[in-house]
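Breakdown of the fold
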Amino acid sequence: KKIALKKADEETKTEKSNKEKYGAFGVEGLEFKLNHLWILDFNQDSIQTAAWVPGKKMPLAKRLTEGGFTVNRFAWRPDGKSIGMTVQPDPFINSSMHADVAMVDLASKKTEVLVKELSGDFFEAWSPDGTKIATGSADQTARIWDSETGEIIHVLSGQNEMVSAIVWSPDG
């Protein structure tokens, strides 16, 4: 069993050194940390063992994604082999207009952008069988994509606002 979590990047040595020398300060628009996905192998026995056996440590999360982007929302593919996610250049709200939809394969840790449109695109949900994804968009559409090929299957237009919440029915 695994748990996926989103965590901000650690402070760099330079950032720590500057904080010690000059105190806590930030440059407007540059004081953010990128968020990336981490995976924790979760086993109830290992957690209980770590709690009761001296010297035994809790399982540690391992970083899954790398790169010059921040992860926003994300969800496991139903088969557990990959995670779909919204990625954007930085965590600022205005950067959501440049968001894309990407997939990360757990075995290879390879991240691949699946949806890169002109407007902000947001990962919303996997179909129950994992063959399709639904995305919302700042262009007031929802799209259904083939999760393997990245081809658009259907476009749902006519919304009067950005589409930001989609849920599949259990039967797909």
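Presented here is a report on the structure given in the accompanying data block.

Scoring rules and cut-offs
Residues numbered from 1 in each chain as written. Predicted model: local features only at pLDDT ≥ 70, side-chain atom pairs only at ≥ 80, totals over all residues. Heavy atoms only, no water. Helix = DSSP H or I, 4+ residues; strand = E, 2+ residues; numbered from the N terminus. Contact = heavy atoms within 4.5 Å. Areas by Shrake-Rupley, 256 points an atom, 1.4 Å probe, with all protein chains shown as cover. Pairing = 2+ DSSP bridges. Phe/Tyr/Trp six-rings, centres within 6.5 Å; stacked < 30°, edge-to-face > 60°. Lys NZ or Arg CZ within 6 Å of the ring centre and 35° of its normal. Polar contact = N/O pair within 3.5 Å; in protein donor to acceptor, adjacent residues only side chain to side chain. Buried < 20%, exposed > 50% of the residue type's maximum accessible area, 1.4 Å probe, protein only. Axes fitted to C-alpha atoms, helices over the stretch in contact; angles between N-to-C directions.

Observations concerning the overall build of the protein
Scanning the protein from terminus to terminus reveals two helices and eleven strands. The secondary structure elements of the protein, listed N-terminal to C-terminal, are β-α-β-α-β-β-β-β-β-β-β-β-β. In the protein, the proportion of contacts linking residues at least 24 apart, taken out of those at least 6 apart, comes to 46%. Accessible area of the protein: about 10800 Å², with a carbon and sulfur share of 54%.

Overview of the sheet that holds strand β1 (residues 2–8)
Strand order in the open sheet made by the three strands is β1-β2-β3, with antiparallel pairing throughout. Edge strands, defined here as strands with exactly one partner in the open sheet, are β1 and β3 (62–63). Where strand β2 (residues 35–41) and β3 come together, two bridges link them in antiparallel fashion. Counted as the bridge partner of I39 is K62 from β3.

Brief notes about the packing of aromatic side chains
Here the structure, examined in full by the defined rule, presents one aromatic pair. The positively charged end of K7 is found above the aromatic ring belonging to W38, 4.0 Å away from the centroid.

A look at the side chain of D100
By the element assignment, D100 lies in strand β6 (residues 100–105). Within the local environment of D100, its side chain forms a polar contact with the side chain of K116, the two groups lying 3.3 Å apart. Residues contacting D100, with those up to four places away along its chain left out, are M85, T86, V87, V113, V115, K116, E117 and D121.

A short note on the pairing of strand β10 (residues 142–146)
β10 sits mainly inside the fold: four of its five residues count as buried. In this sheet, β10 lies alongside strand β9 (residues 132–137) in antiparallel orientation, the contact comprising five bridges. Bridge pairing links A134 to I144 in β10. Taking the residues between adjacent antiparallel strands as the criterion, β9 and β10 are bridged by four residues, where Q140 takes a positive phi near 70°. Where β10 lies against strand β11 (residues 152–156), four bridges are found, and the strand directions are antiparallel. Counted as the bridge partner of I144 is H154 from β11. Here β10 folds back onto β11 in antiparallel fashion, the turn holding five residues, of which G150 has a positive phi close to 80°.

What to know about the sheet that holds β10
On the basis of which strands lie adjacent, the open sheet formed by four strands has the order β8-β9-β10-β11 and antiparallel pairing. For this open sheet the edge positions go to β8 (121–126) and β11, each flanked by a neighbour on one side alone. Ignoring strand direction, the axes of neighbouring strands in this sheet form an average angle of 25°.

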